[in-house]
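What follows is the residue order along each chain.
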Amino acid sequence: MARIVQKYGGTSVGDVDRIKNVANRIKLVRDAGNELVVVVSARAGVTNELIARAKAITPLPSEREMDQLLAIGEQETIALTAMALHAIGVDAVSYTGAQAGIVTDKVHTKAKIKGIDAKALEKDLHRGKVIIVAGFQGTDQEGQTTTLGRGGSDLTAIALAAAIKADKCEIYTDVDGVYTADPRVVKDAKKLQEISYDEMLELASLGSKVMQTRSVEFAAKYGVVFEVRSSFNNNPGTIVKQEVAYMEKVMVRGVAVDKDQAKVVVSNIADKPGTAATVFRALADASINVDMIVQNVGRGGLANLTFTVPLSEKDKAVKALAPALKAVGGEATFDEKIAKLSVVGVGMKTHSGVAAALFEALAKAGVNLELISTSEIKISVVIAKDQADEAARVVHAAFGLDKL
Ligand code: ADP
Ligand code: ASP
Ligand code: MG
């Protein structure tokens, strides 16, 4: 008997038939004598639909009310999944995030988990029930509903696996593992048998939405080994863990593209100490994640700052920058027609020439580089959004990832 946490994503519970399919899969695992906690997402598209409705009312809805709204997507699927299990004779009970004891901070729409009080859940597990938990949601200490950021059901699953010391954590999605690039864009992308937390973390944070970034961070911190696999077949998936044997031999493990970014140019600001601090303090106070910051050489006492923000936070950034720019002068322009393309691999620590090979491949494909940033195990470039898919294919081939 093992204690297993499974998570089924939006496509896997996308309609009633798929929910029944998930219930059948759960029954097999339960009937084999295992203890089972199952995290489910909202049906595919529901969260986006709810966001669109809110934005049709106001561009900057109250974040507390957003959480009230978004939490209902997962609440639908937990109840339907429990019912589907009852219908095939499995004793199951659904839990909201709050009922599962998931306590977060107060940062609505991207709350961090502070702790999990799993007593109630453990009691029902001991009674032999399958527990169905709503992903993506929790409660702050005052009982306010919070959500964990887009893709947050992954985090619910991994945090629960850590809290109840599960023997296994399985993330079921609509592809059968983590690939060298998004398999929907790069047709000859290859499935990885295993990948290290570090590389998975970079791929996730750079746009490979197969795993939520914070869930990978959490897994690395608490040593939760997990497997990404498909709910539509029984193929082995990708194991994500600390050490991966063949890590050092490969320069580039994968290519990631993020189309949900906007480029911000703040021009003609005073070229003096404190200006950048004022601009980025305003963005930080609005909890906006800024990336790829470049400042040009000042001329005539004026300078330009360029950086990227998540597209979903653009309206918030416009609002946050207005008072700051009043203080330091200058104006902000936003470009949404960009994408960030990145190559990731721990092998980069010990190989040189990755940047040159990347830039050459993009040059050959006629792709202009607008911004560049590097770290020990990744190189990112900002390029035109309409060239991003083709660029991903070209770069994937240039590093031989199609031949793994
Ligand atoms: P879920 O709803 O199950 O959480 P997501 O849509 O969040 O699923 O994530 C799965 C999707 O991630 C896949 O359909 C795939 O298009 C995309 N994806 C992006 N990069 C990768 C990658 N490197 N490997 C696998 N899938 C990827
Ligand atoms: N339903 C949420 C989202 O679409 C959480 C998740 O699917 O993981 O972002
Ligand atoms: Mg997801």
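Here, every reference points to the structure presented above.
Everything quoted here is computed from the prediction, not taken from an experiment. (Residues numbered from 1 in each chain as written. Chains lettered and ligands numbered in written order. Predicted model: local features only at pLDDT ≥ 70, side-chain atom pairs only at ≥ 80, totals over all residues. Heavy atoms only, no water.)

K.L.:
Can you walk me through the sheet that holds strand β12 (residues 238-241) in this structure?
P.N.:
Picture the strands of a sheet paired through backbone hydrogen bonds; they go either parallel or antiparallel. Spatially, the eight strands line up as an open sheet ordered β3-β6-β2-β1-β9-β11-β12-β10, and their pairing is mixed. Two strands close off the open sheet at either side, each with one partner strand: β3 (92-95) and β10 (194-196). Averaged over all neighbouring strand pairs, the angle between strand axes comes to 20 degrees, with direction disregarded. Pairing between β10 and β12: three bridges, direction parallel. (Pairing = 2+ DSSP bridges. Helix = DSSP H or I, 4+ residues; strand = E, 2+ residues; numbered from the N terminus. Axes fitted to C-alpha atoms, helices over the stretch in contact; angles between N-to-C directions.)

K.L.:
How should the site of ligand 2 be read in this particular structure?
P.N.:
In the vicinity of ligand 2, the contacting residues are S41, A42, T47, E74, F136, R150, G151, G152 and S153. For ligand 2, a nitrogen atom lies 2.7 Å from a polar atom in the side chain of E74. In this structure, an oxygen atom belonging to ligand 2 sits 2.7 Å away from a side-chain N or O atom of R150. Notes on ligand 2: free accessible area 260 Å², of which the protein chains cover 86%. By residue class, the composition of the shell around ligand 2 is two nonpolar, five polar and two charged. (Near = heavy atom within 4 Å. Polar contact = N/O pair within 3.5 Å; in protein donor to acceptor, adjacent residues only side chain to side chain. Areas by Shrake-Rupley, 256 points an atom, 1.4 Å probe, with all protein chains shown as cover. Nonpolar A, V, L, I, M, F, W, Y, C, P; charged D, E, K, R; others polar.)

K.L.:
Just checking my understanding: could you explain the sheet that holds strand β14 (residues 261-270) for this structure?
P.N.:
Strand order in the open sheet formed by four strands is β15-β16-β14-β17, and the pairing between neighbours is antiparallel. Looking at strand neighbours, the two that pair on one side only are β15 (291-295) and β17 (331-335), the edges of this open sheet. Direction aside, the axes of adjacent strands within the sheet are offset by 15 degrees on average. Across eight bridges, β14 lies against strand β16 (residues 302-310) in antiparallel orientation. Its bridge partner being in β16, K263 is matched across the sheet by T308. In this fold helix α8 (residues 275-285) packs onto β14, β15 and β16, with an angle of close to 20 degrees to the strand it touches most, β16. With respect to the sheet, helix α9 (residues 314-328) is in contact with β14, β16 and β17, its orientation differing from that of β17 by roughly 160 degrees. (Contact = heavy atoms within 4.5 Å.)

K.L.:
I keep staring at unusual backbone geometry and nothing clicks. Help me out?
P.N.:
With the exception of glycine, the majority of residues adopt a negative phi angle, and the majority of peptide bonds are in the trans configuration. Here the phi dihedral of T109 falls at roughly 75 degrees; this positive angle occurs in a residue that is not glycine. Residue T109 is classed as partly exposed on the basis of its relative accessible area, which comes to 23%. Of note, the phi angle at N268 is positive, near 55 degrees, even though the residue is not glycine. Assignment of secondary structure puts N268 in strand β14. Its relative accessible area of 39% is what places N268 among the partly exposed residues. (Buried < 20%, exposed > 50% of the residue type's maximum accessible area, 1.4 Å probe, protein only.)

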